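# Overview (structure and organization)
Letter by letter, the chains look like this.
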Amino acid sequence: GLLGKYKGGNHYPILMLWLMWPATAMMIASALTALLLRWRSIVEMFRTIKTGARSHNEMSLSTIVIGILTLTIILAVLQNMHFGVPHIQTVGSVLLAIPLVLVGVRVLGETNQGPVSLMANGAQAIFRLFSPHVAHNLVAAGMAGDVHAQGEGTMQDFKTGQILGSTPRILTWVQLCAIPIGAAAVAIMYPILIAKYPLGEALPAPTGLKLANMAVLMSKGISALPSG
């Protein structure tokens, strides 16, 4: 639809389309650089969690670590059972999600736009080293991207809770209680939705298409690109 805008002299959306990619790359690069330069602040953050759980009514570091380890094991088993994803790939996705969350939240705070799909594409390129399998690549990208997206949402929830006078501990338990409700809602509504609005037709799913194309590219290499 950009050709009509070009002929009509409306060049702004065309410029936005092309400038978005280098601009996003610069945001990610600057956030990664800031993350590396401020590694002491990250270490101090974990120390604060460890020592200040009682005084600040936060979740203790031991609870967080135990929760992550338990859920990672469950996730690795389920993904291996249903998708054939190697356990090491699931563990790698979880580890990769940590810097992705830190970078993505920083970009979100500075620009009010979280680069979720770009982070997922970066994860796809990394996991090509583990497996050329298209489905495995998509699952790994989905994991890394979803953790990143949830990290952004969680930060916004915590900020809202702080304004309302709540605490991280209460907010965390409320979110954990809400996860099964959200999962059930998706499991029920998603089949109904795509039955009425076919995926890829009435529902274009541009981000999904981008991830799928990236997975094919990572699997087949440069030959997957169209001629020209």
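Going by the structure above, here's the rest.
A short tour of the structure in this document, coming up. (Residues numbered from 1 in each chain as written. Predicted model: local features only at pLDDT ≥ 70, side-chain atom pairs only at ≥ 80, totals over all residues. Heavy atoms only, no water.)

## Here's the deal with the overall build of the protein
Let me state the cut-off plainly: For the purposes of this entry, the term helix denotes a DSSP run of H or I that reaches at least four residues, the term strand denotes a run of E that reaches at least two, and both are numbered from the N terminus. Each residue's exposure class comes from its accessible area (1.4 Å probe, protein chains only) as a fraction of the maximum for that residue type: buried when under 20%, exposed when over 50%, partly exposed otherwise. We call two residues in contact whenever any of their non-hydrogen atoms come within 4.5 Å of each other. All accessible-area figures derive from a Shrake-Rupley calculation using a 1.4 Å probe, and residue coverage is judged against the displayed protein chains alone.
Counting its secondary structure elements, the protein contains 10 helices and 0 strands. Tracing the protein from N to C terminus, the helices and strands come up as α-α-α-α-α-α-α-α-α-α. When the 228 residues of the protein are sorted by exposure, 23% land in the buried category. Taking the contacts inside the protein whose residues are at least 6 apart along the sequence as the reference set, 64% of them involve residues at least 24 apart. Surface exposure of the protein reaches about 15300 Å², of which carbon and sulfur atoms provide 71%.

## Points about the side chain of glutamate 152
In this fold, glutamate 152 is placed in helix H8 (residues 134-164). In contact with glutamate 152, not counting residues within four places along its chain, are Gly104, Val105, Leu108, Gly114, Pro115 and Val116.

## Focus: a nonpolar patch on the surface
Under the convention used in this document: Nonpolar side chains (Val, Leu, Ile, Met, Phe, Trp, Tyr) within 5 Å and like charges within 9 Å form the patches, drawn only from residues with over 30% relative accessible area and no salt bridge. Salt bridge criterion: a side-chain nitrogen from Lys or Arg within 4 Å of a carboxyl oxygen from Asp or Glu.
Judged by side-chain polarity, Ile88, Val91, Leu95, Ile98, Ile126, Leu129 and Phe130 come together as a nonpolar surface patch covering roughly 710 Å² of accessible area. Its place among the elements puts leucine 95 in helix H6 (residues 87-111).

## Overview of the environment of alanine 123
Tracing the backbone through its elements, the reader meets alanine 123 in helix H7 (residues 116-127). The class of alanine 123 is buried, set by a relative accessible area of 1%. Contact partners of alanine 123, with chain neighbours within four places excluded, come to Leu96, Ala141 and Ala144.

## Notes on the packing of H6 against H8
This is how it is decided: Axis angles are defined between N-to-C directions and span 0 to 180 degrees, where every axis is a line fitted to C-alpha atoms and, for a helix, only to the segment in contact. By definition in this entry, angles of less than 35 degrees are roughly parallel, angles greater than 145 are roughly antiparallel, angles of 65 to 115 are roughly perpendicular, and the rest are oblique. Crossing chirality is assigned from the near helix's rotation relative to the far helix, an anticlockwise turn below a right angle marking it left-handed and a clockwise turn marking it right-handed. Side-chain classes follow a simple rule in which Ala, Val, Leu, Ile, Met, Phe, Trp, Tyr, Cys and Pro form the nonpolar group, Asp, Glu, Lys and Arg form the charged group, and the remainder, Gly included, forms the polar group.
Two elements in contact, H6 and H8, have axes separated by 8 Å at closest approach and are oriented at 40°. The orientation of H6 relative to H8 falls into the category oblique. Seen from above, H6 lies across H8 with right-handed handedness. Residue-level inspection shows Gln89, Thr90, Ser93, Val94, Ala97, Leu100, Val101, Gly104, Val105 and Leu108 of H6 in contact with H8, the latter providing His136, Asn137, Ala140, Met143, Ala144, Val147, His148, Gly151, Glu152, Met155 and Gln156. Each residue belonging to the contact of H6 with H8 can be placed in one class, and the counts come to 11 nonpolar, 9 polar and 1 charged.

## Observations concerning helix H5 (residues 61-83)
A turn of α-helix holds 3.6 residues, and therefore any two residues three or four places apart point the same way. We count it as follows: By this rule, a helix spans an expected 1.5 Å times one less than how many residues it contains.
Over its 23 residues, H5 extends 32 Å from the first C-alpha to the last, a length consistent with the 33 Å expected when each residue adds 1.5 Å. Those residues of H5 that sit buried are Thr72, Ala76 and Gln79.

## Comments concerning the environment of leucine 75
Within the fold, leucine 75 resides in helix H5. Each C-alpha atom of the pair leucine 75 and threonine 90 lies 7.4 Å from the other, and the pair is 15 residues apart in sequence. Apart from the residues lying within four places of it in its own chain, the contact partners of leucine 75 are Thr90 and Met143.

## Focus: the nonpolar core
Side chains of nonpolar character tend, in soluble globular proteins, to be buried together. Definition in use: What makes a nonpolar core is a set of buried Ala, Val, Leu, Ile, Met, Phe, Trp, Tyr and Cys residues whose side-chain atoms join them at distances within 4.5 Å.
Core analysis: the largest hydrophobic core is formed by 10 residues, namely Leu35, Leu96, Leu100, Val103, Val107, Met119, Ala123, Phe127, Ala140 and Ala144. Of all the secondary-structure elements, those providing two or more residues to this core are H6, H7 and H8. Among the elements that line this core, the one with the most residues is H6, at 4 residues. If near-sequence neighbours (up to four positions away) are discounted, leucine 100 is found in contact with Met119, Ala144 and His148.

## Digging into the side chain of threonine 172
Summarising the element assignment, threonine 172 is placed in helix H9 (residues 168-196). Under the relative-accessibility criterion, threonine 172 is labelled buried at 18%. If we skip the residues at most four places from it in the chain, threonine 172 touches Met59 and Phe158.

## So, the packing of H5 against H8
Following both chains from N to C, one finds H5 and H8 inclined at 150°, their axes separated by 12 Å at the closest point. Looking at the two axes, H5 sits roughly antiparallel to H8. Judged by the sense of rotation from one axis to the other, the crossing of H5 with H8 is right-handed. Of H8, the residues touching H5 (which contributes Leu75, Gln79 and Phe83) are His136, Val139 and Met143.

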